[in-house]
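Here's the letter readout for the chains.
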Amino acid sequence: MTDSLFSTIDLRSFSNVWFWLVLAVAWSNASHFLLGVPFDLVQSARRKGGAAMADFETLARIQSRRRMEIMERAGVWLVAFWMAVLSALAVLGFRYGLEFAQAVLLLLGPLTLAAWLTLRLAARIERGLYPEGTAMARAFGRLRILVQAIGLFTILVTTMWGMWQNLTLRALG
């Protein structure tokens, strides 16, 4: 009974619909919530100004301050831990051939790059490089385009790698 169930439902990462749903949702959230600020608030601030711009600036400064405080207190340890996790996934995935580790690395590696770019924006906001709301909104717009480009490239690479894995594993047994 369980053999027929597991033969019907493929539990490998690249042939599992849940992996692709997680990948799509992760990149959708990464490009919509930049620095914890919803992008529709950024657009509203650009269009309307006034109270919407004040809300956007306040939320952006709060989120920037929070992230910079965390990085000041534990940044070195967080980065070291995260790099260890990514390195372990790379070794398990590409040295030992664990497909799950490959899939998680192809998901989390590029998201780490997007998070680093977001932290750079937070640091610039904290240093006062964007004193007015319109400049800050433009910076958020540029970051969103960059994050979307990274996401698009990541989905392309992950799709190609996943198809290669599925075709070679199916063909070779």
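Below or above, wherever it landed, is the structure these notes cover.

## A few points about the environment of Leu107
Relative to the helices and strands, Leu107 resides in helix α5 (residues 99-126). C-alpha of Leu107 to C-alpha of Ala135: the two residues are 28 residues apart in sequence and 31 Å apart in space.

## Regarding the nonpolar core
Membership of the largest hydrophobic core comes to 31 residues, with the highest contact counts inside it found for Phe56 and Phe140. Setting aside residues up to four positions removed in sequence, Phe56 forms contacts with Val37, Leu41, Val42, Ala45, Gly133, Met136, Ala137 and Phe140. Core analysis: the next-biggest nonpolar cluster, separate from the first, contains 5 residues, Leu86, Leu89, Ala101 and Val104 among them.

## Re the environment of Trp82
Assignment of secondary structure puts Trp82 in helix α4 (residues 50-95). Residue Trp82 is classed as partly exposed on the basis of its relative accessible area, which comes to 30%. In the structure, Trp82 is positioned 26 residues away from Leu108 in sequence and 9.9 Å away in space, judged by C-alpha atoms. Once residues within four sequence positions are removed from consideration, Trp82 is found in contact with Leu108 and Thr112. Among the polar contacts listed, one links the side chain of Trp82 to the side chain of Thr112, at a separation of 2.6 Å.

## Considerations on the side chain of Gln165
If you trace the backbone, Gln165 turns up in helix α6 (residues 133-172). With residues near it in sequence (within four places) discarded, Gln165 still touches Phe14 and Gln102.

## A few points about the layout of surface pockets
For the largest pocket, the calculated volume is near 630 Å³. Elements represented by at least two residues in the lining of the largest pocket include exactly α2 (17-32), β1 (33-34), α4 and α5. Size it by volume and the second largest pocket reaches roughly 150 Å³. Along its surface, the second largest pocket is lined by Leu117, Arg120, Leu121, Arg124, Tyr130, Ala139, Arg142, Leu143 and Leu146. Counted by class, the lining of the second largest pocket contains 6 nonpolar, no polar and 3 charged residues.

## Some details on the packing of α2 against α5
Running from N to C, α2 and α5 cross one another at 0°; their axes reach a closest spacing of 11 Å. Of the possible angle classes, the one that applies to α2 and α5 is roughly parallel. Only Ala103, Leu107, Pro110, Leu111 and Ala114 of α5 make contact with α2, whose side of the interface consists of Phe19, Val22, Leu23, Ala26, Trp27 and Ala30. Each residue belonging to the contact of α2 with α5 can be placed in one class, and the counts come to 11 nonpolar, no polar and no charged.

## Let's talk about the packing of aromatic side chains
Here the structure, examined in full by the defined rule, presents 5 aromatic pairs. When the centroid spacing of 5.1 Å and the interplanar angle of 80° are considered together, the rings of Phe56 and Phe140 count as edge-to-face. Taken together, the residues Phe56 in helix α4 and Phe140 in helix α6 connect sequence positions 84 residues apart. Exposure class is identical for Phe56 and Phe140. Each is buried. Put simply, the rings of Phe14, Phe19 and Trp20 pair up and form one aromatic cluster. The lysine or arginine in question, Arg95, covers the ring of Tyr96, its NZ or CZ lying 5.7 Å from the ring centre.

Parameters and conventions
Residues numbered from 1 in each chain as written. Predicted model: local features only at pLDDT ≥ 70, side-chain atom pairs only at ≥ 80, totals over all residues. Heavy atoms only, no water. Helix = DSSP H or I, 4+ residues; strand = E, 2+ residues; numbered from the N terminus. Core = buried A, V, L, I, M, F, W, Y, C linked by side-chain atoms within 4.5 Å. Buried < 20%, exposed > 50% of the residue type's maximum accessible area, 1.4 Å probe, protein only. Contact = heavy atoms within 4.5 Å. Polar contact = N/O pair within 3.5 Å; in protein donor to acceptor, adjacent residues only side chain to side chain. 1 Å grid on protein atoms, 1.4 Å probe; cavity = no way out; pocket = protein on both sides within 12 Å on 5 of 7 lines; lining within 4 Å. Points joined across faces, edges and corners; volume = space filled by probe spheres on them. Nonpolar A, V, L, I, M, F, W, Y, C, P; charged D, E, K, R; others polar. Axes fitted to C-alpha atoms, helices over the stretch in contact; angles between N-to-C directions. Parallel < 35°, antiparallel > 145°, perpendicular 65-115°, else oblique. Phe/Tyr/Trp six-rings, centres within 6.5 Å; stacked < 30°, edge-to-face > 60°. Lys NZ or Arg CZ within 6 Å of the ring centre and 35° of its normal.

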